[in-house]
Amino acid sequence: MPSSLPVMSAAEFACAFALRPHLFAWFLGAGASAASGIPTGYAMIRDFKTRIFCREMGYSIKEVDAADPLWVARVDKFLRTSSLLPPDGDPNEYGAAFEAVYPNERHRRQYIDDAISKGTPSFAHRALAALISSKQLSCVFTTNFDALMETSATLTDQLLLPEKRAMPTVAALDSVERAQRCVAESDWPLIAKLHGDYKSTKIKNTGIELEHQDERMRGVLVEACKRFGLVVVGYSGRDVSVMEALESVLKHSPVYPSGLYWVTSSKSKLLPAVQRLLKNASIAGVDVAVVESKTFDELAGDVISHVRLPDVLLEHVMQQRTPARLHPVKLPEVEARAFPILRYSALLVEGMPTFARRISLSKAAITPAVWELLKEQRCRAVVAVLGRELAVFGKDAEVLVALQSLGARIDGTIGLDPAKDSWALGLLYDALAKALSRRRPLLPRFKRFGHVLVVTAPREGEDADKTQRRVSQLARLRAAYDSNLTGAVPNLGYPYQEGVYLKLECIEDRWWCGFEPSTFVDVPREIRDASAAQDRDELGSFVFGKRDPSGDWRRERWAKKYNPDWSQIVDAWAILLTTCEHGQVSAFGLQGDEGIDAIFPLSPVTGWSRPSHHHAYFQRAK
């Protein structure tokens, strides 16, 4: 469609229309009766196609569901491979399909009669009828066979005093003289039925009939379009004769003096014939606009809100208004569940350090050697070794002192891309473990298979303030476990500590710190060395075959912890790990220019989800 054609909303159109409503004629197609329960042209085409398919393939009409997409696709595929009907969207599709199903004119009339009997006037019909009865609307043309428009006008007329009634003239193909007289004498209002009335013996619905519009009725339409602007609603533009009549108006002057407005749900749905008409009308100097409105009722609602009607008519129209699609509802006021259906023991890492200190070495070094040097000097830095370079979090001065034998010197910063570089991911993983344990009664254990945080046991001679702080920080965790967090395995004496396995991973472009609660038992080294099996059980701890007598105790400890217990434990760990100043944890708490710290903003809410019933797991039986 030409980009120069303006598009306006229903509200904008209604505002302009209300200035001089009597200067417009309305043209109603089948879509205008859809809300009344009468099948549209598209719905009838679908019905005709289904009947043709059943007839040709030997199906009963009851066996085929015309609303089922599978059947629709099957019917369309059959018709595309045959020559029974024109292609989809062809202007002659409706007439050809109707005639193919019901070749006899009497049968076609009976079909229309049955379809129309299902309809009742809609809100929009009553709104237009109120305009007619209040003498604000002079002329309505329609291609529909139904009597909805004239029935609505009769009802609204009866609400007024006899001397104020409009008493519209209704003209069909067998009563064209009425329409001609109205136009000649300007005796309005007029309701003209271009394709006939369902009670008439003359109706137009096949291809040949629709191609040859009654010349006299066509003349009435052309003459009206020379006097009024035209509002077209619910009409696709499939009828060649009607579109030719609307085009022929452009040969006269003046034409569509108050404009030509074509109402559609979307301008992209306009057929080429309609686009051509609007373009030519625009070229001829007519005020043309495409009015986008979802339904005829919605358009009528906007019109009624702008025009003035007698109170008795307005009350009648609004009582019959289509119920609103949206209704205010009271939101449920129930207590939220303590835990979701699926809960993850994972914390969202809202930000990751993007750079670390770069330290250059005069000679290459291996990771164990660097770690050993740092340990000797009690330097708590976190490093990643890259040949003659180090990526470091920690105090610059302490690192330089510890690594002076390697000729260490500060060399700016180095960027971190944990999604791309494994060394960067390892560096951040180490730093996160330190950050989560800092200023908490937790001890990080750096393992080859994954880092661990364990609850630290009270030390002998610990001052009272530190003990009190420990008790306060672990109170929620202690209540969740409903047992001591550290101690000795009964009958064995092996020290145990509650703790979590940590895991840092990126899921859908977001970084998560997963934590898995477990009980860690310090099995004596001689037992571990003597065991050949070094696997991990379902809790993540080592299993030493028959030589690990603490295994049964650990399993029994966790066996009775059901979903509510797990939820409380996850809650307690999440709160313990994320309770920090400004919502972020740091590995060292450095100040000023001491060095580069690893700072991680953490969300205190754990990840959670609900199962999707479209997941492959739920479709496994198919």
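Residues numbered from 1 in each chain as written. Predicted model: local features only at pLDDT ≥ 70, side-chain atom pairs only at ≥ 80, totals over all residues. Heavy atoms only, no water.

1. Brief notes about the nonpolar core
This is how it is decided: Note on terminology: a nonpolar core comprises buried Ala, Val, Leu, Ile, Met, Phe, Trp, Tyr and Cys residues joined through side-chain atoms within 4.5 Å. Relative accessible area decides the class of each residue, using a 1.4 Å probe on protein chains only: under 20% of the type maximum gives buried, over 50% gives exposed, and in between gives partly exposed. Numbering of helices and strands runs from the N terminus, with a helix taken as a DSSP run of H or I at least four residues long and a strand as a DSSP run of E at least two residues long. By the convention used here, residues are in contact when the closest approach between their heavy atoms is within 4.5 Å.
Counting 49 residues, the largest nonpolar core has Phe-393, Leu-436, Leu-477, Leu-502, Phe-515, Trp-573 and Phe-600 as its most contacted members. Broken down by element, this core gets its largest block of residues, 9 residues, from helix 17 (residues 422–437). Leave out the neighbours within four places in its chain, and Phe-600 touches Val-349, Gly-351, Met-352, Pro-353, Leu-428, Ala-431, Leu-432, Ala-435, Gly-583, Gln-584 and Val-585. One finds Ala-179, Cys-182, Met-217 and Val-290 within the second-largest nonpolar core, a separate group that totals 42 residues.

2. Comments concerning helix 7 (residues 148–157)
The element helix 7 is largely enclosed, with a buried count of 7 among its 10 residues. Considering only its buried residues, helix 7 is in contact with strand 2 (24–28), helix 6 (123–133), strand 3 (139–142), strand 4 (169–171), strand 5 (190–193) and helix 14 (311–319).

3. Side note on the sheet that holds strand 2
Here is the rule: Two strands are said to pair when DSSP picks up at least two bridges between them. To obtain an axis, a line is fitted to C-alpha atoms, over the contacting stretch when the element is a helix, and the angle between two such axes runs from 0 to 180 degrees between their N-to-C directions.
What the 8 strands build is an open sheet, ordered 1-8-7-6-2-3-5-4; its pairing is parallel. The sheet terminates laterally at strand 1 (7–9) and strand 4, the two strands that pair on one side only. Averaged over all pairs of adjacent strands, the angle between their axes in this sheet comes to 20 degrees, without regard to strand direction. Looking at chain direction, strand 6 (residues 229–233) and strand 7 (residues 260–264) are connected through 3 bridges and run parallel. Bridging from a neighbouring strand, Val-231 pairs with Tyr-261 of strand 7.

4. Looking at the pairing of strand 5
Put simply, the test is: The handedness of a crossover follows from its direction of travel: if, with the strands pointing away from the viewer, the path from the first strand over the helix to the second runs clockwise, the crossover is right-handed.
Burial along strand 5 is two-sided: Leu-190 and Ala-192 and Ile-191 and Lys-193, pointing in opposite directions, are all buried. Relative to strand 5, strand 3 runs parallel, the two being bridged by 4 bridges. Bridge pairing in strand 5 places Val-140 opposite Ile-191. One ladder, built from 3 bridges, connects strand 4 with strand 5; its direction is parallel. Across the sheet, the residue bridging to Ala-171 is Ala-192, located in strand 5. A crossover links strand 4 with its parallel partner strand 5, the connecting element being helix 8 (residues 176–185), and its sense is right-handed.

5. Comments concerning the pairing of strand 9 (residues 342–349)
Here 4 bridges tie strand 9 to strand 23 (residues 599–609), and the two strands are oriented antiparallel to one another. Each residue of the ladder has a partner; that of Arg-343, found in strand 23, is Trp-608. Judged from the 4 bridges that link them, strand 9 and strand 18 (residues 510–521) form a sheet pairing that is antiparallel. The partner of Leu-347 across the bridge, within strand 18, is Cys-513.

6. Let's talk about the confidence of the model for the chain
Quick note on the threshold: pLDDT expresses, on a scale from 0 to 100, how confident the predictor is about each individual residue.
Counting all residues, the mean pLDDT for the chain is 85, and 88% of those residues have values of 70 or more. Note that residues 198–213 has pLDDT below 50 and, in this model, 59 contacts with residues that lie over four places away or in other chains.

7. Structural notes on the environment of Leu-477
Inspection of the secondary structure assignment puts Leu-477 in helix 18 (residues 464–481). On the basis of relative accessibility, which here comes to 1%, the residue Leu-477 falls in the buried class. Residues Leu-477 and Gln-568 lie 91 residues apart in sequence; the distance between their C-alpha atoms is 8.3 Å. When near neighbours in sequence (up to four residues on either side) are disregarded, Leu-477 contacts Val-455, Leu-485, Ile-569, Ala-572, Trp-573 and Leu-576.

8. Things to note about the packing of helix 6 against helix 14
To describe two helices that pack against each other, one gives the angle between their axes and the distance between the axes. Put simply, the rule is: Our angle categories are set so that under 35 degrees counts as roughly parallel, over 145 as roughly antiparallel, 65 to 115 as roughly perpendicular, and the remainder as oblique. Residues are sorted three ways: Asp, Glu, Lys and Arg are charged, Ala, Val, Leu, Ile, Met, Phe, Trp, Tyr, Cys and Pro are nonpolar, and all the rest, Gly among them, are polar.
At a minimum axis separation of 9 Å, helix 6 and helix 14 run at an interaxial angle of 170 degrees. One way to sum up the angle between helix 6 and helix 14 is to call them roughly antiparallel. From helix 6, Phe-123, Arg-126, Ala-127, Ala-130 and Ser-133 reach across to helix 14, where they touch Leu-313, His-316, Val-317 and Met-318. In terms of residue class, the contact of helix 6 with helix 14 is built from 6 nonpolar, 2 polar and 1 charged.

9. Looking at the state of the cysteines
Cysteine pairs can be covalently joined through their sulfur atoms, and such a bond is termed a disulfide. The condition that has to hold: Disulfide: a pair of cysteine sulfur atoms within 2.5 Å of each other.
Tallying each qualifying case throughout the model produces 0 disulfides. The closest cysteine sulfur to the non-disulfide-bonded Cys-225 is located on Cys-139, 8.3 Å from its own sulfur.

10. Side note on unusual backbone geometry
Excluding glycine, residues mostly carry a negative phi; peptide bonds, for their part, are mostly trans. Cis geometry is found at the peptide bond from Trp-188 to Pro-189, where omega equals 5 degrees. In this structure, Pro-189 sits in the loop between helix 8 and strand 5. In this model, Ser-253 is joined to Pro-254 through a cis peptide bond whose omega is -5 degrees. One can find Pro-254 in the loop between helix 11 (240–248) and strand 7. Phi angles above zero are rare outside glycine, and Asp-482 is one such case at about 55 degrees. Among the structural elements, Asp-482 can be located in the loop between helix 18 and strand 16 (486–488).

11. Focus on the pattern of salt bridges
This is how the line gets drawn: The term salt bridge refers to a side-chain nitrogen of Lys or Arg lying within 4 Å of a carboxyl oxygen of Asp or Glu.
As enumerated under the stated definition, the model contains 18 salt bridges in all. Between Arg-46 and Asp-76 there is a salt bridge whose closest N-O contact spans 3.0 Å. Placement of Arg-46 in helix 2 (residues 41–57) and of Asp-76 in helix 3 (residues 69–80) is noted, with a sequence separation of 30 residues between them. Note on Asp-76: relative accessible area 13%, which makes it buried. Glu-244 is paired through a salt bridge with Arg-218; the nearest N and O atoms lie 3.9 Å apart. Within this pair, whereas Glu-244 is found in helix 11, its partner Arg-218 is found in helix 10 (residues 215–227), the two being separated by 26 residues in sequence. On the accessibility criterion, Glu-244 (40% relative accessible area) is partly exposed. Here the salt bridges share partners, and the residues they tie into one network are Arg-181, Glu-185 and Asp-187.

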